[in-house]
Amino acid sequence: MNALLQQLQNRQLIWQASQTEAPYEHCQSTGFSALDQLLGGGWPQHNVIELQSHGACAELQLIQKALAGSGSELLQIWINPPANLCAEYLLQQKRPLHQVLQLNAPRTADALWAAELCLKSGSCMDVLLWQNNLNLTQLKRLQLAAAQGQSQLYFFRPAVAEQQLLPWALSLQLTPATTGLQIRILKRKGGWQQQELVLPWAELYPHFIKPELQQKQYSKPPLSRVS
Amino acid sequence: MSAQMEFWLYLYFPQLQLDKLLLLQNTTAALSTQDKSHHLDLTAPLAIVGADHQLLQLNSAARQAGLTLGMGLASAASLCHQLQLVPHQAEQEQQQLQQLAQLLYQYCADIALQADSGLVLKLSPMLALYGGAIQFWQQIQQVLQQAGYQYHFATAQQPLVARLLAQQHWDQFLLQSDKIQQQLKALPLQHAQLPDKLQEQLQRLGLAQLGDVLKIPQAELVRRFGVEMLQYLQQLTGTKPALLLFIQPAEHFEQQLELLYEMERSDQLLGPLQHLFGLLQLYLQQRDQLAYQLELCLLQRQDQQQQLQLHSAQGEYQSKDWLKISELQLERLKLKKPVIQLKLILRRNGPRYAQYKTLFAGHLGAGKAQLYSALQLLSLLQARLGKEQVKSPCLLNDLLPEQASSYAGALEPQAAIAGTLAAVRPAFLVDPPLALDAEQQQQLQLHYGPERLSSGWWQQQSQHRDYYVGQNAQGQWLWLYRNLQQPEQLYVQGYFS
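Please read these numbers as outputs of a predicted model, since none were measured by experiment.

Novice: Would you mind going over the overall build of chain A with me for this structure?
Specialist: Of the regular secondary structure elements, chain A holds 7 helices and 11 strands. As presented, chain A carries roughly 10,800 Å² of accessible surface, and 52% of it is formed by carbon and sulfur atoms.

Novice: Whenever I open this one, the overall build of chain B confuses me. Can you help?
Specialist: A count of helical and extended segments in chain B gives 18 helices and 18 strands. For 497 residues, the compact-globule estimate of 2.2 N^0.38 gives 23 Å, and chain B exceeds it by more than 25% at 36 Å. By residue count, 48% of the 497 residues in chain B fall in the buried class. Across chain B, every contact between residues at least 6 apart in sequence was considered, and the portion connecting residues at least 24 apart equals 61%. As displayed, chain B offers around 25,500 Å² of accessible surface, 50% of which is attributable to carbon and sulfur atoms. Here chain B holds 35 positive side-chain charges and 39 negative ones, and the gap between their average locations is 4 Å.

Novice: Can you walk me through the interface of chain B and chain A in this structure?
Specialist: Interface size, as often reported, equals the accessible area lost upon joining of the parts. Opposite the 65 residues of chain B that make contact, chain A presents 68 residues. When the two sides are added together, the surface that chain B and chain A hide from each other amounts to roughly 5,800 Å², 61% of it contributed by carbon and sulfur. Linking chain B with chain A are 2 salt bridges, by the criterion used here. Asp110 of chain A serves as the salt-bridge partner of Arg384 of chain B, at 2.7 Å between the closest nitrogen and oxygen. Counting residues per element, the side of chain B that touches chain A draws most heavily on helix H16 (residues 374-385) of chain B, which supplies 7 residues. Tallied by class, the residues present in the side of chain B that touches chain A amount to 40 nonpolar, 18 polar and 7 charged. In this sheet, strand E14 (residues 428-435) of chain B lies alongside strand E5 (residues 84-85) of chain A in antiparallel orientation, the contact comprising 2 bridges. Its bridge partner being in E14 of chain B, Leu85 of chain A is matched across the sheet by Phe428 of chain B.

Novice: Explain the pattern of salt bridges to me, please; I cannot follow it from the model alone.
Specialist: Two side chains bearing opposite charge may form a pair once their charged atoms approach each other closely. All names here are of chain B. All told, the structure shown has 19 salt bridges over all chains when counted by the stated rule. In this structure, Glu295 engages Arg347 in a salt bridge whose closest nitrogen and oxygen atoms are separated by 2.8 Å. Placement of the pair is Glu295 in strand E9 (residues 289-300) and Arg347 in strand E11 (residues 339-351), with a sequence separation of 52 residues. We note a salt bridge from Arg452 to Asp466, for which the minimum N-O separation is 2.9 Å. With Arg452 in strand E15 (residues 445-454) and Asp466 in strand E16 (residues 464-471), this pair connects stretches of sequence that are 14 residues apart.

Novice: Please explain the packing of aromatic side chains as it appears in this structure.
Specialist: The way to describe two aromatic rings as a pair is by their centre distance and the angle between their planes. For the coordinates displayed, the defined rule picks out 23 aromatic pairs over all chains. Judged by centre distance (5.8 Å) and plane angle (80°), the rings of Trp130 of chain A and Phe428 of chain B are edge-to-face. Of this pair, Trp130 of chain A sits in strand E7 (residues 124-130) while Phe428 of chain B sits in strand E14, placing the two residues on different chains. Each member of the pair, Trp130 of chain A as well as Phe428 of chain B, is classed as buried.

Novice: I keep staring at the environment of Leu380 of chain B and nothing clicks. Help me out?
Specialist: Summarising the element assignment, Leu380 of chain B is placed in helix H16. By relative accessible area, Leu380 of chain B is classed as buried at 6%. Taking C-alpha positions, Leu380 of chain B is 5.9 Å from Ile325 of chain B, a pair spaced 55 residues apart along the chain. If we ignore the near neighbours within four places in the chain, the residues touching Leu380 of chain B are Trp113 and Leu117 of chain A together with Lys324, Ile325, Leu328 and Tyr372 of chain B.

Novice: Would you mind going over the confidence of the model for chain B with me for this structure?
Specialist: Caution applies to low-pLDDT parts of the model: their predicted coordinates are not meant to be read in detail. Residue and element names in this part refer to chain B. Scored by pLDDT, chain B has a mean of 86; 94% of the residues are at 70 or more. Across chain B, element-level confidence peaks in strand E1 (residues 8-12) with a mean pLDDT of 93 and bottoms out in helix H15 (residues 362-365) with 45. Per-residue pLDDT stays below 50 along residues 32-37; that stretch engages in 6 contacts with residues further than four places along the chain or on separate chains. Counted against residues more than four places away or in other chains, residues 362-366, with its pLDDT under 50, gives 6 contacts.

Novice: Any chance you could explain the side chain of Ser319 of chain B here in plain terms?
Specialist: Residue placement: Ser319 of chain B occurs in helix H14 (residues 319-332). Since its relative accessible area comes to 14%, Ser319 of chain B is described here as buried.

Novice: Please clarify how the sheet that holds E15 of chain B should be interpreted in this entry.
Specialist: For sheets, the rule is that strands pair by backbone hydrogen bonds, running either parallel or antiparallel. Spatially, 6 strands are ordered E5(A)-E14(B)-E18(B)-E17(B)-E16(B)-E15(B) in an open sheet, and the strand pairing comes out antiparallel. Each edge of the open sheet carries a strand with a single partner, namely E5 of chain A together with E15 of chain B. Looking at chain direction, E15 of chain B and E16 of chain B are connected through 7 bridges and run antiparallel. Bridging across to E16 of chain B, Arg452 of chain B finds its partner in Asp466 of chain B.

Novice: How should the packing of helix H7 (residues 159-167) of chain B against helix H8 (residues 177-185) of chain B be read in this particular structure?
Specialist: Working note: a packed helix pair is described by the angle between its axes plus the distance between those axes. Residues and elements named next belong to chain B. Here H7 crosses H8 at 60°, and the two axes come no closer than 11 Å. When the interaxial angle is binned, H7 and H8 end up oblique. Judged by the twist between their axes, the crossing of H7 over H8 is left-handed. For the pair H7 and H8, contact is made by Val161, Leu164 and Leu165 and by Ile180, Gln183 and Leu184, respectively. Classifying every residue of the contact of H7 with H8 gives 5 nonpolar, 1 polar and no charged.

Novice: I'm lost on the domain arrangement of chain B in this one. Help?
Specialist: Each assigned domain of chain B is listed with its residue range as follows: domain 1 (1-33 + 82-246), domain 2 (254-351) and domain 3 (424-495). Inter-centroid distance (C-alpha atoms) of domain 2 of chain B to domain 3 of chain B is 51 Å.

Rules and cut-offs
Residues numbered from 1 in each chain as written. Chains lettered and ligands numbered in written order. Predicted model: local features only at pLDDT ≥ 70, side-chain atom pairs only at ≥ 80, totals over all residues. Heavy atoms only, no water. Helix = DSSP H or I, 4+ residues; strand = E, 2+ residues; numbered from the N terminus. Areas by Shrake-Rupley, 256 points an atom, 1.4 Å probe, with all protein chains shown as cover. Rg over C-alpha atoms; globule rule 2.2 N^0.38 Å. Buried < 20%, exposed > 50% of the residue type's maximum accessible area, 1.4 Å probe, protein only. Contact = heavy atoms within 4.5 Å. Lys, Arg positive; Asp, Glu negative; His and termini not counted. Charge placed at Lys NZ, Arg CZ, Asp CG, Glu CD. Buried area = accessible area lost by both parts, 1.4 Å probe. Salt bridge = Lys/Arg side-chain N within 4 Å of Asp/Glu carboxyl O. Nonpolar A, V, L, I, M, F, W, Y, C, P; charged D, E, K, R; others polar. Pairing = 2+ DSSP bridges. Phe/Tyr/Trp six-rings, centres within 6.5 Å; stacked < 30°, edge-to-face > 60°. pLDDT = per-residue confidence, 0-100. Axes fitted to C-alpha atoms, helices over the stretch in contact; angles between N-to-C directions. Parallel < 35°, antiparallel > 145°, perpendicular 65-115°, else oblique. Left-handed = near helix turned anticlockwise from the far one by under 90°. Domains from an automatic or database assignment.

Shown next, in the form of structure tokens:
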């Protein structure tokens, strides 16, 4: 090898494409093999993950396997969810209700403060935060807190037109399509961008979409059955 | 030393009020740099004045200006015209004395308060416990040093003797009675605290020292000077035991703190608060208890006051934990008027028990360092966001989804409800249900249903609903229902997410 190159490499000034193999230290499987493949193993752990969507399009279903894997000894925190939580849903996910906390923080500063405190407390595993905006310093603080408390933050926000460049470990854009959920990677640490995947609805909602049922869609409830 | 011999230690605090001012200034020094004009300057001459216009306590600058204790106001003012005067507050001093006694109670069982800023401690039963007088004295000295008040002391076999010597600033910790007696005999009569009439009579007889009086046979003295003399001599020689009321540890915690100057911002209050929480910590530690609820009163000008309730779900005793909780609450608080006094009351406490931590918490929790436990975290969140903003979902025994899902107090264990769980439930519920207009209903695509839910006939408005899962024009997954009484109208009950 060239002596100059060797010298540069010794000082770790050269980035090699082979270094992209393992972008995250730890991954947790998403439960969807196609998505695992797209993400290079699964969700990065102890970090902040952004999920952009208009809501009500299986965004919780995506992370549901990861949430279930967190065990039930530690708290799960929902900060400013878009609507009331359904207790029956949480019980379906085998989550003890008294281990779930919902926080309503009308002020952004309070919500971020609460998220950071929960992340680094060490007594929470997953924090779910709904918010519109985040800047670089706030993201860095949340990432450090997540690493310190070995916890995970899922950051939900509406899809925005212009992309602000933030160093997310992973940022996904979710758009509903006719056949399934279109998942686009906006940012992935140590990975290639611009990859897409359509996850069929039947995989996301297996409990009420059966593949054979998908053929006969109707737009109105059959009135004849009402007596 | 024989076991029968009693020994007493007298602690005399000559300037409690002044020392308190100095201590307070030290704790709040960091916060008060910008508005010096509001409060007393303790480096300039300052005196505490009694009700009869005599100087009772002086700081060092005042002493350098030539002022002495007991001087009248007029002569003091002529010597030093910029002298700052503070009225003497006997009640406050008594409170401080009480606090000191509570502090010392941890080390000595028998402590009695004395009217003239003094404490009497019974030494003899304690010596066996500490394995020697010197060890015991070192312990006491350490406490006094931490408290930061000036003090004088003396030991003797009778409380009165110890008191006379301590007020003369003898400052000797001795257990040899001959040396003490020698010192006592040399005591000038005017410092012997005899009733004024007796002292005058004795001095007219040409007696100058207490020793001269003690040489005269007791019976002769009593015959000439009466019962008063007898009582005095009995106390001095210890033939009759002293009447002392020993203190008991306080039943409940209530402390107040006069601020040095008016505080207008809530963050300034943290310095003085730390002092109060320190006292609380001591109180709780001595009783091995935890505090769950505190009440903090902020007394303001014009007799107004604001109250704060501080809660801790887990129970804390350490001052730093309570400071953190109060800091969060004070941030939200808007002071109506400047604060002049703080008062801290312990409302709910309980015994301290060992807090168990799991050593091996499964595969995930293993090695996870906890900064706060779940209950500590809850207390902090409630302190900043408000108690009603932090809650846990709960399931009620009802068929209608909007009635079944509700909220309970955070982290409270809930009763399980028997029965099988429904298969299809969305993550979020819309409350109240949203009616869809005709156009929106047209664009819907239904994927699953119906699932019929009927509420009980015994209820006020019995309802029969058919539930469907559908997707709207934006591709969002909705949980819809229609009422059987009104089958054309669809409502959105929840969102699948």
